[in-house]
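Now for the letters of each chain:
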Amino acid sequence: MEIIIKNDYDEICTEAYHIIYQKWQQKNNMVLGCATGRTPLGVYAKLIDSNKKGKINFSELKVFSLDEYLGLKETHPQSFATYMNKHFYQQINIKKENIHGLKGMPEDIDEHCWVYESLIKSVGGIDIQILGIGSNGHIGFNEPSSSFASRTRVKTLTKETIKANKHYFRDGEEVPRYCLTMGIGTIMEAKTILLLAFGKNKEDAVVNSIEGPVTASVPASVLQLHPDVKIILDQEAASRLKRKDYYHWVYNKKKGIERYTKKLKSS
Ligand code: F6R
């Protein structure tokens, strides 16, 4: 795991943007896994800006949304499909046929989940999966106790997740209790994972995921087992980490390692 601690939210988003930009330079038809929620909005804004300025071209990009509320049509104002269209997909030059998302009202749920998994495989898998983290450590809507082997499926949201997402809904409107989400097994197959977190209310989830044991009680702790994961945090989200100095040291020495290994190879 690479732990990158930045000063503020804007710096988190800039770091994530550069990682995605570099990948796009190597692979124009990259496959991006996209989370909803507040956390990745700044990254999407930077990608949109770069696309508008002609620096990055998304005509070959493919996207897969991470999750969706069960029972909400794609056109529902609070569906994740609406959210992603509004905050990202509609603002870039992506082809419609390259936008993939889970449907909130599929005819056959199991078949829909299975087809989604197959679709991800058919494009060669996800190159970069963007994740936020719930204050209970969830990734996607894989709540605590989710199996590390889980695939895309229906999950029941915890009361805390329902409460955390209530502000997206109008007064008196109920937050759905069920959702469809890529499984932890699905997420772990992404080639690179970027998990972003900012703010004090993420500090427990962050320290438990990075420095605690790998346990289904903290779903994001599974990322300790992924070969290429970058966790990008602001000072508040990182505040309980014990090995902060080491993470800074590693980050600042990164260029040095690259130079050193190059030198060893050529000698
Ligand atoms: C979003 C998702 C969730 C959020 C998490 C953090 O698609 O599946 O895991 O990433 O709940 O939400 P925010 O970013 O709103 O704090």
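In this text, all values refer to a predicted model and were calculated from it rather than measured experimentally.

Novice: I'd like a description of the overall build of the chain, backed by residues and values.
Specialist: Across its full length, the chain carries eight helices and 10 strands. On C-alpha atoms alone, the chain measures out to a radius of gyration of 18 Å, which is about the 18 Å that the 2.2 N^0.38 rule sets for 267 residues. Per-residue burial over the chain gives 52% buried out of 267 residues. Counting contacts in the chain only where the partners sit at least 6 residues apart, residues at least 24 apart contribute 80% of the total. Roughly 13,300 Å² of accessible area belongs to the chain as shown, and the carbon and sulfur atoms make up 52% of that amount. Distance between charge centroids for the chain: 5 Å, based on 38 positive and 31 negative side chains.

Novice: Which residues make up helix α2 (residues 41-52), and what values do they have?
Specialist: Three or four residues apart is the spacing at which side chains of an α-helix point the same way, because the helix has 3.6 residues per turn. If you check α2, its first and last C-alpha atoms are 16 Å apart, about what 12 residues at 1.5 Å a residue would give, namely 16 Å. Those residues of α2 not exposed but buried are Gly42, Val43, Tyr44, Leu47, Ile48, Ser50 and Asn51. Next to the buried residues of α2 lie α1 (9-26), β2 (31-34), α3 (80-87), β6 (128-131) and β9 (192-197). Following α2 by one or two positions, Gly54 adopts a phi angle in the positive range, close to 80 degrees.

Novice: Mind laying out the pattern of salt bridges, listing which residues take part and the relevant values?
Specialist: All chains considered together, the criterion is met by 16 salt bridges. Residue Lys46 is joined to Asp10 by a salt bridge in which the shortest nitrogen-to-oxygen separation is 2.9 Å. Note that Lys46 is positioned in helix α2 and Asp10 in helix α1, a separation of 36 residues in sequence. Note on Lys46: relative accessible area 23%, which makes it partly exposed. Glu211 is the salt-bridge partner of Arg243, the closest N and O atoms lying 4.0 Å from each other. With Arg243 in the loop between β10 (229-233) and α8 (244-266) and Glu211 in helix α7 (residues 203-211), this pair connects stretches of sequence that are 32 residues apart. Each member of the salt-bridge network shares a partner with another, and the members are Glu2, Asp228, Lys230 and Lys254.

Novice: Just give me the short version of the environment of Ser122, but keep the residues and values in it.
Specialist: Within the secondary structure, Ser122 is located in helix α4 (residues 109-122). Taking C-alpha positions, Ser122 is 29 Å from Leu157, a pair spaced 35 residues apart along the chain.

Novice: Provide a residue-level description of unusual backbone geometry, including the pertinent values.
Specialist: Backbone geometry at Ser145 places phi at a positive 90 degrees, although glycine is not the residue there. Mapped onto the elements of the fold, Ser145 is located in the loop between β6 and β7 (153-156).

Novice: Help me get a handle on the state of the cysteines, residues and values and all.
Specialist: One pass over the full model with this rule turns up zero disulfides. Here Cys113 is not cross-linked by a disulfide; its sulfur's nearest cysteine counterpart is in Cys179, at 9.9 Å.

Novice: I'd like to hear about the packing of α2 against α3, residue by residue, with values.
Specialist: With their axes 10 Å apart at the nearest point, α2 and α3 run at an angle of 40 degrees to one another. It follows that α2 is oblique to α3 by the angle criterion. Across the interface between the two elements, Leu41, Tyr44 and Ile48 of α2 pack against Tyr83, Met84 and His87 of α3. Partitioning the contact of α2 with α3 into residue classes produces five nonpolar, one polar and no charged.

Novice: Please set out the sheet that holds β9 residue by residue, giving values where relevant.
Specialist: Strand order in this open sheet of seven strands is β1-β10-β9-β6-β2-β3-β5, and the pairing throughout is parallel. Two strands lie at the open edges of the sheet, namely β1 (2-5) and β5 (99-100), each paired on one side alone. Note: β2 against β6, two bridges, orientation parallel. Among the inter-strand pairings, Gly33 is bridged to a residue of β6, identified as Gln129. Set on the sheet, α4 makes contact with β3 (62-65) and β5; between it and β3 the angle comes to about 150 degrees.

Novice: Kindly report on the site of the ligand, identifying the contributing residues and their values.
Specialist: Near the ligand there are 15 residues, and of these Thr39, Asp67, His138, Gly140 and Lys202 occur at the shortest range. Side-chain polar atom of Thr39 to an oxygen atom of the ligand: 2.4 Å apart, as the coordinates give it. Contact distances for the ligand include 2.3 Å between an oxygen atom and a side-chain N or O atom of Asp67. Coverage of the ligand by the protein amounts to 91% of the 400 Å² it exposes when considered alone. Classifying every residue of the shell around the ligand gives five nonpolar, seven polar and three charged.

Conventions and cut-offs
Residues numbered from 1 in each chain as written. Predicted model: local features only at pLDDT ≥ 70, side-chain atom pairs only at ≥ 80, totals over all residues. Heavy atoms only, no water. Helix = DSSP H or I, 4+ residues; strand = E, 2+ residues; numbered from the N terminus. Rg over C-alpha atoms; globule rule 2.2 N^0.38 Å. Buried < 20%, exposed > 50% of the residue type's maximum accessible area, 1.4 Å probe, protein only. Contact = heavy atoms within 4.5 Å. Areas by Shrake-Rupley, 256 points an atom, 1.4 Å probe, with all protein chains shown as cover. Lys, Arg positive; Asp, Glu negative; His and termini not counted. Charge placed at Lys NZ, Arg CZ, Asp CG, Glu CD. Expected span 1.5 Å × (residues − 1). Salt bridge = Lys/Arg side-chain N within 4 Å of Asp/Glu carboxyl O. Disulfide = S-S within 2.5 Å. Axes fitted to C-alpha atoms, helices over the stretch in contact; angles between N-to-C directions. Parallel < 35°, antiparallel > 145°, perpendicular 65-115°, else oblique. Nonpolar A, V, L, I, M, F, W, Y, C, P; charged D, E, K, R; others polar. Pairing = 2+ DSSP bridges. Near = heavy atom within 4 Å. Polar contact = N/O pair within 3.5 Å; in protein donor to acceptor, adjacent residues only side chain to side chain.

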